[in-house]
Amino acid sequence: MTARQITQVFDQYQKARTQFVQTIAELASRPQNIELLQDADVMSLLRPLLLDVVPNVQQTAAVALGRLANHNDDLAEAVVKGDILPQLVHSLANQNKFYKKAATFVLRAVARHSPLLAQKVVDCGALDALVACLEEFDPGVKEAAAWALGYIARHNEELSQAVVDAGAIPLVLLCLQEPELSLKRIAASVLSDISKHSPDLAQTVVDVGAIGHLAPLVLSPDTKLKRQVFSALSQISKHSVDLAERVVEAEVFPAALTSLKDTDEYVQKNAATLVREIVKHTPELAQLIVNAGGVAAIVDFIGETKGNVRLPGIMMLGYVAAHSEVLAMATIVSKSLA
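Residues numbered from 1 in each chain as written. Predicted model: local features only at pLDDT ≥ 70, side-chain atom pairs only at ≥ 80, totals over all residues. Heavy atoms only, no water.

(A) Layout of the overall build of the protein chain. Check the secondary structure of the protein chain and you find 23 helices and zero strands. The C-alpha extent of the protein chain, read off along each of the three principal axes, is 95 × 40 × 35 Å. In the protein chain, buried positions account for 50% of the 338 residues. Pairs at least 24 residues apart make up 69% of the contacts formed inside the protein chain by residues separated by at least 6 positions. Accessible area of the protein chain: about 15700 Å², with a carbon and sulfur share of 53%. Distance from the positive charge centre (30 side chains) to the negative charge centre (37 side chains) of the protein chain: 7 Å. (Helix = DSSP H or I, 4+ residues; strand = E, 2+ residues; numbered from the N terminus. Buried < 20%, exposed > 50% of the residue type's maximum accessible area, 1.4 Å probe, protein only. Contact = heavy atoms within 4.5 Å. Areas by Shrake-Rupley, 256 points an atom, 1.4 Å probe, with all protein chains shown as cover. Lys, Arg positive; Asp, Glu negative; His and termini not counted. Charge placed at Lys NZ, Arg CZ, Asp CG, Glu CD.)

Shown next, in the form of structure tokens:
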């Protein structure tokens, strides 16, 4: 055979691998194909392609694995049992940005299903690799890594603490200050996921200056960002009087009350939740919100919304009224019982 014919054989092999992973990635994006792909043992075929000499084959194989693992916990478990996670984590350090985004997608897809699977991701050393990705120049890599960290942290206090111990919070806070809106949204979401579990974790978030960076964003014109910002501030406020006072001191009012009339119901609900989490702690904090027009704003909010969206508003009125006769009278005067 001539050199040209030999080269042609390798070219055909490369094209076949490329076509295979592209087709599998496309098929994996449709739920109706998942069972058939699983029956064909597609995981064992994709795994060696993560080490392919062609970068595009590696990246597309990772995307396909991520889509499969994202579909259900059985497939995510298959990724774990196939020893694919250590391979992905090891290669995160020295691959290009496209591979890093694909690999972090797989880690996120596995971690999202359960605390047990998230722990498997942690056990393979993923946290250090993900935190390192937060220092990348490319905002897409930062976003993918932050998203994966958020999915790990949201499950329970232990996993959230592991994310904190890996040094994620200061870097997530830097992501919140980046110009890209999608990165800001994910960063705010991660801070919310960490803060929700315990007063100590919320305090850790506050200690790096998170409130000062979150508070101005309640005025953002971006709806999805405001949802996450109000959620994060609510999760911080709920734990203690001190933390609630820190949020109030950051001057999130009257913007939080104005947001009760936002066109997005999730912004409305999260803003109402923030008000609820603040007033529940002390009569003084409740009085502060009443003086700012909080009760009237909540009454209007309850009248203009439906279903579960109204619940934090109704609870807020209950917390205010329970503190004292004076505050109870303030809720009556505002026609909250009408």
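So that's the structure; there's more coming.
(B) Local environment of a negative patch on the surface. Among the surface-exposed residues, Asp242, Glu245, Glu249 and Glu284 lie close enough to one another that they form a single negatively charged patch. For the negative patch, the element with the highest residue contribution is helix H17 (residues 241–249), accounting for three residues. Turning to its location among the elements, Glu249 is positioned in helix H17. Residue classification places Glu249 among the exposed positions, given a relative accessible area of 60%. (Patch = residues over 30% accessible without salt bridge, like charges linked within 9 Å, V, L, I, M, F, W, Y side chains within 5 Å. Salt bridge = Lys/Arg side-chain N within 4 Å of Asp/Glu carboxyl O.)

(C) Here's a closer look at helix H8 (residues 115–123). Within H8, the full set of buried residues consists of Leu117, Ala118, Val121 and Val122. Take H8 and look down its axis: the buried residues cluster within an arc of 150°, on one side only. Turned more than 90 degrees off the buried face of H8, the exposed positions are Leu116 and Asp123. Residues of H8 that are buried in the fold lie against helix H5 (73–81), helix H6 (84–92), helix H7 (97–111), helix H9 (126–133), helix H10 (139–153) and helix H11 (157–165). Among the residues trailing H8, Gly125 stands out with phi positive, at a value near 85°. (Arc of directions from axis to C-beta.)

(D) How the structure looks around the nonpolar core. If you look at the biggest cluster of nonpolar residues, it comprises 119 residues, and the most contacted ones within it are Val110 and Leu214. Ranked by residues supplied to this core, first place goes to H7 with eight residues. Contacts of Val110, omitting those with residues within four sequence positions, involve Ala69, Ala76, Val79, Val80, Leu85, Leu117 and Val121. (Core = buried A, V, L, I, M, F, W, Y, C linked by side-chain atoms within 4.5 Å.)

(E) Quick look at unusual backbone geometry. Cis peptide bonds are those with omega within 30 degrees of zero, and the linkage from Phe253 to Pro254 qualifies with 10°. Within the secondary structure, Pro254 is located in the loop between H17 and helix H18 (255–258). The residue Asp41 is not glycine, and still its phi comes out positive at about 55°. Here Asp41 is to be found in the loop between helix H2 (34–39) and helix H3 (42–46). Relative accessible area serves as the criterion here: at 44%, Asp41 is assigned to the partly exposed category.

(F) Spotlight on the state of the cysteines. Applying the stated criterion to the full structure yields zero disulfides. Cys133 supplies the cysteine sulfur nearest to Cys124, a cysteine that is in no disulfide, at a spacing of 13 Å. A disulfide-free cysteine, Cys175 has its sulfur positioned 11 Å from the sulfur of Cys133, the nearest such atom. Residue Cys175 is classed as buried on the basis of its relative accessible area of 2%. (Disulfide = S-S within 2.5 Å.)

(G) Focus on the packing of aromatic side chains. If you walk through the whole model with that rule in mind, you get zero aromatic pairs. When the ring centre of Tyr13 is taken as origin, the NZ or CZ atom of Arg17, which lies over that ring, is 4.3 Å away. Over the ring of Tyr151 we find Arg154, and its NZ or CZ is 4.3 Å from the ring centre. (Phe/Tyr/Trp six-rings, centres within 6.5 Å; stacked < 30°, edge-to-face > 60°. Lys NZ or Arg CZ within 6 Å of the ring centre and 35° of its normal.)

(H) Representation of the pattern of salt bridges. Here the structure, examined in full by the defined rule, presents 13 salt bridges. Arg276 is the partner of Glu277 in a salt bridge, and the nearest nitrogen-oxygen pair spans 2.7 Å. The burial state of Glu277 is the same as that of Arg276; both residues are buried. Put simply, Lys97, Lys101 and Asp138 are held in one network by salt bridges that share partners.

Geometric values such as these leave the question of function open.
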